[in-house]
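If you want the building blocks of each chain, they are given just below.
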Amino acid sequence: MNDSELIQLLFERDERAIGEIQIKYAAYCRYIAGNILSSREDIDEVLNDALGALWQSIPPNRPESLKAYLGRITRNIAIDKAKKMAAQKRGGNTTQEVLDELKEAATRGQPEQELDAKQLGSLINGFAAQLEQKQRVIFVKRYWYLCSSKQIAGECGISVNSVNTTLHRLRKQLKKYLEQEGYDI
Amino acid sequence: MNENKIFEMTSHLDDKYILEAAGKQSIRQTKHHKRISAKFVAIAAAAAVMTVTAGAAAVAKLTNKKSVEQYYDSSAAEKIEQEGYAVGKVSKNTHFEAVLESVMRDEYRCIPIITLKPLDDTAVKCMSELRYDPVIEYKDGSSVSGMADGEPVNNTGMINPGSRGACFYDPQKDGDSQAVKVFIYYKNGKAVIEPNKQLVLSFKALSDDYKGLFDGIRFELPTPEMVSGKMLYSPSGNELYISKIGMAELSKVPESPELLKYKVHFANGTVKTYSELGMQGSNLQLDGKDKGWAINFGTLIDADQVESVEIYGETYKSK
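Predicted model, so just to flag it, every value in this text is computed and none were measured.

Chemist: Break down the packing of aromatic side chains for me, with residues and values.
Modeler: One pair of aromatic rings is described through two measures. These are the centre distance and the angle between the planes. Applying the stated criterion across every chain yields a total of 13 aromatic pairs over all chains. Look at Phe 96 of chain B and Phe 214 of chain B: their rings are 4.5 Å apart centre to centre, the planes differ by 15°, and that puts the pair in the stacked class. Of the two residues, Phe 96 of chain B sits in strand β2 (residues 96–105) while Phe 214 of chain B sits in the loop between β10 (199–205) and β11 (218–220), which places them 118 residues apart along the sequence. Considered together, Phe 96 of chain B and Phe 214 of chain B belong to a single accessibility category, that of buried residues. Here the aromatic rings of Tyr 132 of chain B and Phe 203 of chain B are separated by 5.9 Å at their centres, their planes lie at 65°, and the arrangement is edge-to-face. You can see Tyr 132 of chain B sitting in strand β4 (residues 132–138) and its partner Phe 203 of chain B sitting in strand β10, a full 71 residues away along the chain. Over the ring of Trp 55 of chain A we find Arg 13 of chain A; its NZ or CZ atom is 4.1 Å from the centre of that ring. The residue whose ring lies beneath Lys 67 of chain A is Tyr 28 of chain A, and the NZ or CZ to ring-centre distance is 4.7 Å.

Written out as structure tokens, the structure is:
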């Protein structure tokens, strides 16, 4: 079934949709959750939670890309779970590693600055649009998919060193971009 | 703006960038991957788990693991479950109960595995005599490019390298049932099957004695994400595609079986040969010419870690 048909089944509250979506996108969701969590049980739990959240949110939402929509839900649930586990000192936290890296891109802007979703979206997509495709893919794999450098290297057919160098440059570039957009003292 | 805000900001990346970076072939776009232009969609926050029927929400397991293990080693059968390729759909009539166990795909093939269980003596006889063929068609009824109008892409018989046709099968006895691995090649002869169009798999009896035996046994094949794969090249410019589930040499056919005794070299220094990975294969006869040979593995490999493949007396590597 294509995505439009699957979304229509969800609107009709037909439970076949969940089974079909799972067959189509389980591997993709596992890929996302697997970058954030390590145990199979936790990954399975995230997948089940993501499918449940999808069922609850469509309708009323009608996303243009079911894959991206489900990917976002999966990512959010996996990150929340990882944070809880880190708080309970139950294992490594990929998100903490990423946060440590992103300190390089942080600017000195007012900490109380509140930005809404639209402003955040405009900023990050403005930054992403100006990148070459290869750079953007590496950036998104690291900071959205939370892939390790080794994984990115394997998937993109380049060396780990090249990935790390690219990410370092991109963080510097992001910092400069944010400063130019006024997010600095 | 601190690092927490920057991280939060990344969650607002456009769908098109998320999809662009998905999977293992995102740097080089293949012709099967369309760019998706999408507006940003605000999503609801993650909700608590909702109770759905156990069969729908639970991760699918193989109904008959032994069927899959007729063709793959046990570690591969585990991975098929873990990585979401298990299906578990049932189709039944008064003569047979069929279970679609799993479906895996790469750029060149789609491989469903079915368990066929006979429910009466006539079905037992038909199955033991192999007097049936799998048949595939597009769900929307449109014709497959390269085939005559309305002609389904059908099986030409048991696995027989050199046969024509895009759909082969390899049945294996499994107790009272029969495991059936079907090989659907997206490009075979002059036929081109579009990977993004849904296929319907059914069966037809090959003699009047068994006419109607498979009526109603029908599966709309799911279209799971293709497994990871990549293209390798020989010094003479020949192309070889290798994926988690098999290979396809796209330029020629082997002049002798000896040339198919391949070796796969991995980044960690290990080497696996045809005797470990399998040699079951088929002439693809691409564009109706004598070129193209597909090999299907009996296990699952990590194609991303493949450095080179020795086959046909040449070494194929990434560019």
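From this point, things continue past the structure.
Chemist: Please set out the pattern of salt bridges residue by residue, giving values where relevant.
Modeler: Summed over all chains, the structure comprises 25 salt bridges over all chains. For Lys 103 of chain A, the salt bridge is made with Asp 100 of chain A, and the minimal N-O distance between the two is 3.5 Å. Residue class for Lys 103 of chain A comes out partly exposed when judged on its relative accessible area of 45%. Residue Asp 140 of chain B pairs with Lys 197 of chain B through a salt bridge whose shortest N-O separation is 3.6 Å. With Asp 140 of chain B in the loop between β4 and β5 (153–158) and Lys 197 of chain B in the loop between β9 (191–192) and β10, this residue pair connects regions lying 57 residues apart in the sequence. Among the residues examined, Lys 197 of chain B registers a relative accessible area of 22% and is labelled partly exposed. Several salt bridges converge on common partners, so that one network encompasses Glu 101, Glu 104, Arg 142 and Arg 171 of chain A.

Chemist: Give me the lowdown on the interface of chain A and chain B, citing residues and values where you can.
Modeler: In this assembly, 74 residues from chain A lie in contact with 59 residues from chain B. The contact between chain A and chain B buries some 6,100 Å² in all, and 61% of this surface belongs to carbon and sulfur atoms. Sorting the residues of chain A by area buried against chain B places Ile 23, Arg 72 and Leu 120 of chain A first, and these three jointly supply 11% of that buried surface. The tally of links from chain A across to chain B stands at 4 salt bridges. Broken down by element, the side of chain A that touches chain B gets its largest block of residues, 12 residues, from helix α2 (residues 16–36) of chain A. Tallied by class, residues from the side of chain A that touches chain B come to 40 nonpolar, 16 polar and 18 charged.

Reading the values: the criteria
Residues numbered from 1 in each chain as written. Chains lettered and ligands numbered in written order. Predicted model: local features only at pLDDT ≥ 70, side-chain atom pairs only at ≥ 80, totals over all residues. Heavy atoms only, no water. Phe/Tyr/Trp six-rings, centres within 6.5 Å; stacked < 30°, edge-to-face > 60°. Helix = DSSP H or I, 4+ residues; strand = E, 2+ residues; numbered from the N terminus. Buried < 20%, exposed > 50% of the residue type's maximum accessible area, 1.4 Å probe, protein only. Lys NZ or Arg CZ within 6 Å of the ring centre and 35° of its normal. Salt bridge = Lys/Arg side-chain N within 4 Å of Asp/Glu carboxyl O. Contact = heavy atoms within 4.5 Å. Buried area = accessible area lost by both parts, 1.4 Å probe. Nonpolar A, V, L, I, M, F, W, Y, C, P; charged D, E, K, R; others polar.

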